[in-house]
Amino acid sequence: MSRTHNAPELPPEIARRRTFAIISHPDAGKTTLTEKLLLHGGAINMAGQVRAKGEARRTRSDFMKMEQERGISVSASAMSFEFADYWLNLVDTPGHADFSEDTYRTLTAVDAAVMVIDGAKGVESQTRKLFEVCRLRDMPILTFCNKMDRESRDPFEIIDEIQESLALDVAPVSWPIGMGRDFLGAYDLVNDRLELMDRAERNVKGRSIAIAGLDDPKLAEHLPADRLEELRAEVEMARGLLPTFDRQAFLDGTLTPIWFGSAINSFGVKELLTGLGAYAPAPQPRATETRQITADEPKVAGFVFKVQANMDPKHRDRVAFVRLCSGHFKRGAKLKHVRSGKQMAISNPVLFLANDREIADDAWAGDIIGVPNHGQLRIGDALTEGEDLRFTGIPSFAPELLQSVRAGDPLKAKHLDKALTQFAEEGAAKLFKPEIGAGWIVGVVGPLQFDVLGSRIEIEYGLPVRFEPTQYASARWLRGAAADVDAFIKANRGQMARDHDGDPVFLTRIQWDIDRAEKDFPNVELAATKQMM
Ligand code: GDP
């Protein structure tokens, strides 16, 4: 999909919105950068609040504690803040690979991503995986090379690595001056400014000095002679060898601008925010089965990309995270829940402002609102002002690990059904009921999901459970004419199950199962993904 420049005809409130996520490998500095983005956005007064709040939240339930112990961030949240004339929506993504499906869905809700890399480590495995997900959607990416205040790699080497390993053009928009202990700041290649880092004050924005190009004698007042000489030589080389920033290539997802900074010192953060405002796209269209929904349409339409259980384990309420794709939403509005056909009054939607959750009185296309509900809203569901829209592109992936699950207390087996159904609807796991025999099979993408699931069932339902290995390695959904699919099911009954929507699934042990089935039933497609609609 080729992206348009921010269309001038968008209502101003929508045109100023930027909805983005941060992708990175654990430890690269995502949390720190998030804090500083919020700090610069003027949304919170004290850095550290994100972490502190996160921890306060986590202690509320033990499964969150487990997540903390393991140093992973499992659940996504959304935050909004303002910077200059822009309204920014930051959607958090889980950093751990085991939750990649969550991340995939979260990325369907944003229009751009900030890729944070550690200047010493370059492109790491999780960055690469998340980047591949962004690439599937041709997502514009802004790159922040972090921790330049530590011994880092040479900037040319970092840029080369990104270009080679991600097959992505990299255009430097800032150039670092020194590194490690000698890191002084950066030269802003777009605006010809010198940005100097202040090490003494980690939360101040540093000094910014306008310069009339690299020959400006003013530079010598701020930089030692050897640094200045080095900067001039490097910038000349960078300008000669590397691509210059091209907005269309960026919007198409083939070129990324890179900033060099130090999140912990708040350095480079303001420039990144300025870049998000100036370069990242305004709310983009979303595809449905029937047509594209554009942000300027007056009627409200949105889709659920994530469902989160209430943080309080005593309440089974959930919050559905809805990406608004069009229109101007006002609190109390009645929207059609397309899957059930029922009207829902959205009376207490939550807007996740940086400092706290707040009741949203209104929201615009591009925003993320939280809709508290008792389980009606599922991933992929559409909310509209009446039109029967079905959003596409929110897949469910075939699981890579399948285990059977048993209640530790057989008298509570009923609760197990309920718990599993809830988690399947939340998208936390896939649930399969074999055609033959009793019990459930649970499918996940990463092993950590079993641990989280196990402790959540225990905490939220008071039910200890046991997971046991099965002979299955994956699952495939069936596509084809009803008669062909029925014949397939009959012939493979021993390996057939139903997912939590009641759709037939073929449980597979080895690749040979799939090869054989494809040979025997050429008219049935064995799909590794399913649209969550
Ligand atoms: P996350 O796992 O990506 O969220 O990373 P964090 O934000 O938790 O950062 C990981 C570690 O790197 C923490 O100890 C941070 O204090 C540290 N860190 C983050 N940004 C910087 C930076 O710019 N410079 C230095 N020296 N350390 C940083």
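Residues numbered from 1 in each chain as written. Predicted model: local features only at pLDDT ≥ 70, side-chain atom pairs only at ≥ 80, totals over all residues.

1. Looking at the overall build of the protein
Then, in step 1: Per the secondary structure count, the protein includes 15 helices and 33 strands.
Then, in step 2: For the protein, with 533 residues in total, the buried portion stands at 47%.
Then, in step 3: When contacts within the protein are restricted to residue pairs at least 6 apart in sequence, long-range pairs at least 24 apart make up 71% of them. (Helix = DSSP H or I, 4+ residues; strand = E, 2+ residues; numbered from the N terminus. Buried ≥ 20, exposed ≤ 12 C-beta atoms within 10 Å, placed from the backbone. Contact = placed C-beta atoms within 7 Å.)

2. Observations regarding the sheet that holds strand β7 (residues 174-177)
Hydrogen bonds between backbone groups are what pair the strands of a sheet, and the pairing can be parallel or antiparallel.
Then, in step 1: In space, the four strands of this open sheet follow the order β7-β8-β9-β10, with antiparallel pairing throughout. With one partner strand each, in any of the chains shown, β7 and β10 (207-210) form the two edges of the open sheet. On average, adjacent strands in this sheet sit at an angle of 20 degrees to one another, irrespective of strand direction.
Then, in step 2: Each of β7 and β8 (185-188) is contacted by helix α9 (residues 225-241), which is oriented at about 150 degrees to β7, the strand it contacts most. (Pairing = 2+ DSSP bridges. Axes fitted to C-alpha atoms, helices over the stretch in contact; angles between N-to-C directions.)

3. Considerations on the site of the ligand
Then, in step 1: Surrounding the ligand, one finds 16 residues, the nearest of these being Gly-29, Lys-30, Thr-31, Thr-32 and Ile-264.
Then, in step 2: The leading source of residues in the shell around the ligand is helix α2 (residues 30-40), at three residues.
Then, in step 3: Of the residues that constitute the shell around the ligand, the class distribution is four nonpolar, seven polar and five charged. (Near = placed C-beta within 6 Å. Nonpolar A, V, L, I, M, F, W, Y, C, P; charged D, E, K, R; others polar.)

4. Considering the pairing of strand β4 (residues 112-118)
Then, in step 1: Among the seven residues in β4, seven count as buried, and that is most of the element.
Then, in step 2: The side-chain alternation of β4 yields two buried faces, one formed by Ala-112, Val-114, Val-116 and Asp-118 and the other by Ala-113, Met-115 and Ile-117.
Then, in step 3: Across five bridges, the pairing between strand β1 (residues 17-24) and β4 is parallel. Across the sheet, residue Ala-21 finds its bridge partner in β4, namely Ala-113.
Then, in step 4: Alignment of β4 against strand β5 (residues 141-146), held across six bridges, turns out to be parallel. Among the inter-strand pairings, Ile-117 is bridged to a residue of β5, identified as Cys-145.
Then, in step 5: Handedness of the crossover joining β4 and β5 through helix α6 (residues 125-136) is recorded here as right-handed. (Right-handed = clockwise from strand over helix to strand, strands pointing away.)

5. Notes on the confidence of the model for the protein
Keep in mind that low pLDDT regions are not for reading the predicted coordinates in detail.
Then, in step 1: Of the residues in the protein, 87% have a pLDDT of 70 or more, and the chain-wide mean is 86.
Then, in step 2: Scored below 50 in pLDDT, residues 44-64 makes 36 contacts in the model with residues more than four places away or belonging to other chains.
Then, in step 3: Across the assembled chains, the prediction reports ipTM 0.99 with pTM 0.84. (pLDDT = per-residue confidence, 0-100.)

6. Quick notes on the sheet that holds strand β26 (residues 430-434)
Then, in step 1: Taken in spatial order, the eight strands line up as β28-β25-β27-β26-β30-β31-β29-β32 in an open sheet, and their pairing is antiparallel. Looking at the sheet topology across the chains shown, the edges are occupied by β28 (465-469) and β32 (525-527). Each adjacent strand pair in this sheet contributes to an overall mean axis angle of 40 degrees, direction not counted.
Then, in step 2: Here strand β25 (residues 401-407) pairs with β28 via five bridges, running antiparallel. Looking across to β28, one finds that Arg-406 is bridged to Arg-466.
Then, in step 3: Strands in contact with helix α12 (residues 413-426) are β25, β26, β27 (440-444) and β28; relative to β26, the strand with the most contacts, it is inclined by about 130 degrees.
Then, in step 4: Taken strand by strand, helix α13 (residues 448-461) contacts β25, β27 and β28, and its axis lies near 155 degrees from that of β28.

7. Structural notes on the domain arrangement of the protein
Often, the extent of an interface is quoted as the loss of accessible area on bringing the components together.
Then, in step 1: Under the domain assignment, the protein is made up of domain 1 (19-77 + 95-281), domain 2 (287-384) and domain 3 (398-531).
Then, in step 2: Spacing between the C-alpha centres of domain 2 and domain 3 amounts to 29 Å.
Then, in step 3: The interface is formed by seven residues belonging to domain 2 together with six residues belonging to domain 3.
Then, in step 4: Broken down by class, the residue content of the side of domain 2 that touches domain 3 amounts to four nonpolar, one polar and two charged. (Domains from an automatic or database assignment.)

8. Topic: the nonpolar core
Then, in step 1: Core analysis: the largest hydrophobic core is formed by 106 residues, its most contacted members being Phe-20, Ala-113, Val-114, Cys-134, Val-304, Val-322 and Leu-324.
Then, in step 2: Taken domain by domain, the makeup of this core includes at least three residues from each of domain 1 (19-77 + 95-281) and domain 2 (287-384).
Then, in step 3: Not counting residues up to four positions away in its chain, the partners in contact with Phe-20 are Leu-90, Val-110, Asp-111, Ala-112, Ala-113, Val-114, Leu-276 and Ala-280.
Then, in step 4: Membership of the second largest hydrophobic core comes to 34 residues, among which are Ala-424, Phe-432, Val-465 and Leu-507. (Core = buried A, V, L, I, M, F, W, Y, C linked by C-beta atoms within 7 Å.)

9. Re α6
Then, in step 1: The first and last C-alpha atoms of α6 sit 17 Å apart over twelve residues, in line with the 16 Å expected at 1.5 Å per residue.
Then, in step 2: All of the buried residues in α6 are Thr-127, Leu-130, Phe-131, Val-133 and Cys-134. The buried residues of α6 occupy one face: seen down the axis, they fall within an arc of 155 degrees. Of the exposed residues in α6, those oriented more than 90 degrees away from the buried face are Ser-125, Glu-132 and Leu-136. (Expected span 1.5 Å × (residues − 1). Arc of directions from axis to C-beta.)

10. Remarks on the packing of α2 against helix α11 (residues 269-279)
Then, in step 1: Following both chains from N to C, one finds α2 and α11 inclined at 75 degrees, their axes separated by 10 Å at the closest point. Regarding the angle of α2 to α11, the classification is roughly perpendicular. Contacts between α2 and α11 involve Lys-36, Leu-37 and His-40 on the former and, on the latter, Val-269, Lys-270 and Leu-273.
Then, in step 2: A breakdown of the residues in the contact of α2 with α11 according to their chemical character gives three nonpolar, one polar and two charged. (Parallel < 35°, antiparallel > 145°, perpendicular 65-115°, else oblique.)

11. Digging into the environment of Tyr-187
Then, in step 1: Within the secondary structure, Tyr-187 is located in strand β8.
Then, in step 2: Tyr-187 sits 27 residues away from Leu-214 along the chain, and the two C-alpha atoms are 9.1 Å apart.
Then, in step 3: Setting aside residues no more than four positions away along its own chain, Tyr-187 makes contact with Ser-174, Trp-175, Ile-177, Leu-194, Leu-231 and Val-235.

12. Notes on unusual backbone geometry
Then, in step 1: For Asp-27, which is not glycine, the phi torsion reads 85 degrees and is therefore positive.
Then, in step 2: Tracing the chain through its elements places Asp-27 in the loop between β1 and α2.
Then, in step 3: At Asp-192, a position not held by glycine, the phi torsion is positive, near 50 degrees.
Then, in step 4: By the element assignment, Asp-192 lies in the loop between β8 and β9 (193-196).
Then, in step 5: Its 13 C-beta neighbours within 10 Å are what place Asp-192 among the partly exposed residues.

13. Quick notes on the environment of Arg-232
Then, in step 1: With respect to the element layout, Arg-232 can be found in helix α9.
Then, in step 2: Distance in space between the C-alpha atoms of Arg-232 and Asp-215 is 8.5 Å, their sequence separation being 17 residues.

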